[in-house]
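Understanding the architecture of this molecule
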Amino acid sequence: MEHLEQITAAVGLGHAGDREAAREQLGRLWDATDDRQTRCAIAHYLADVQDETADELVWDVRALDDVQDEAWLPSLHLNLADDYRRLGDTTRAGEHLALARKHLGLLGADGYGDLVRGGVDRVAAALAAGNRDRLPTNPST
């Protein structure tokens, strides 16, 4: 993957609360690469620093379009399920939630796998309850 150090630094800005600077840096990196897996990662992280769910959805779709590593599929589909849930599209939310579940076997029995599996459970519960709010565990908060 290209630009790993710069991606990591930009993600750190987002985690520290400087979402605008993170968006700017990740946007420049997006423009600077044609490598699909790098673009997938950048789009995945760019989605997390958007202020509006519709913008988050655009970047999550781009990430899925460029995915090269199947291990990313559970997380990407989970994010799309959550985007669609928050936008009120319960059909698409359910479809992506099912796809996230289908690919959970690609995850290891580790902290990251537990994080994604827990996310699937939380989004499923919110979807079933008709909750369209951003969840407190959403990486975009």
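Relevant structure appears above.
Residues numbered from 1 in each chain as written. Predicted model: local features only at pLDDT ≥ 70, side-chain atom pairs only at ≥ 80, totals over all residues. Heavy atoms only, no water.

**A look at the overall build of the protein**
Counted only if it meets this: Secondary structure elements are taken from DSSP: a helix is a run of H or I of four residues or more, a strand is a run of E of two residues or more, and numbering for both begins at the N terminus. With a 1.4 Å probe rolled over the protein chains alone, any residue whose accessible area is under 20% of its type maximum counts as buried; one over 50% counts as exposed, and the rest are partly exposed. Only heavy atoms enter the contact rule, under which two residues are in contact if any of them lie within 4.5 Å. The protein chains shown are the only cover counted for residues, whose accessible areas, like all others here, come from Shrake-Rupley with a 1.4 Å probe. This count recognises Lys and Arg as positive and Asp and Glu as negative, with His and chain-terminal groups excluded. Charged groups are reduced to one reference atom each: NZ for lysine, CZ for arginine, CG for aspartic acid, CD for glutamic acid.
Helix and strand counts for the protein come out as 7 helices and 0 strands. Along its sequence from the N terminus, the protein presents helices and strands in the succession α-α-α-α-α-α-α. With the C-alpha coordinates aligned to their principal axes, the bounding extent of the protein is approximately 40 × 30 × 25 Å. Here the protein holds 141 residues, and the buried ones make up 48% of them. The long-range fraction of contacts in the protein, counting pairs at least 24 apart against all pairs at least 6 apart in sequence, stands at 57%. Just so you have it, the protein exposes about 7300 Å², and 49% of that area is on carbon and sulfur atoms. Averaging the coordinates of the 15 positive side-chain charges in the protein and doing the same for the 26 negative ones gives two points 5 Å apart.

**Regarding the side chain of Thr53**
One can find Thr53 in helix H4 (residues 53-66). Setting aside its immediate chain neighbours within four residues, Thr53 contacts Asp83, Arg86, Leu87 and Arg134.

**What to know about the nonpolar core**
Applied cut-off: The nonpolar core is taken to be a set of buried Ala, Val, Leu, Ile, Met, Phe, Trp, Tyr and Cys residues, with the residues joined through side-chain atoms within 4.5 Å.
Within the largest apolar cluster, 20 residues are counted, with the highest numbers of intra-cluster contacts made by Leu26 and Ile42. Contributions of two or more residues to this core are made by helix H1 (4-15), helix H2 (19-32), helix H3 (36-48), H4 and helix H5 (73-87). Sorting elements by how many residues they give to this core places H3 first, with 6 residues. Apart from residues lying up to four places away in sequence, Ile42 is in contact with Ile7, Leu26, Leu29, Trp30 and Thr33.

**Side note on the packing of aromatic side chains**
The condition that has to hold: Each Phe, Tyr or Trp ring, with Trp reduced to its six-membered ring, pairs with another whose centre is within 6.5 Å; inter-plane angles below 30 degrees give stacked pairs, above 60 give edge-to-face pairs, and intermediate values give tilted ones.
Under the definition given, this model contains 1 aromatic pair. Centroid distance Trp30 to Trp59: 5.0 Å. Interplanar angle 90°. Geometry classified as edge-to-face. Here Trp30, found in helix H2, pairs with Trp59, found in helix H4; they are 29 residues apart in sequence, far enough to count as distant. A residue is classified by how much of its surface remains accessible, and Trp30, at 11% relative accessible area, is buried.

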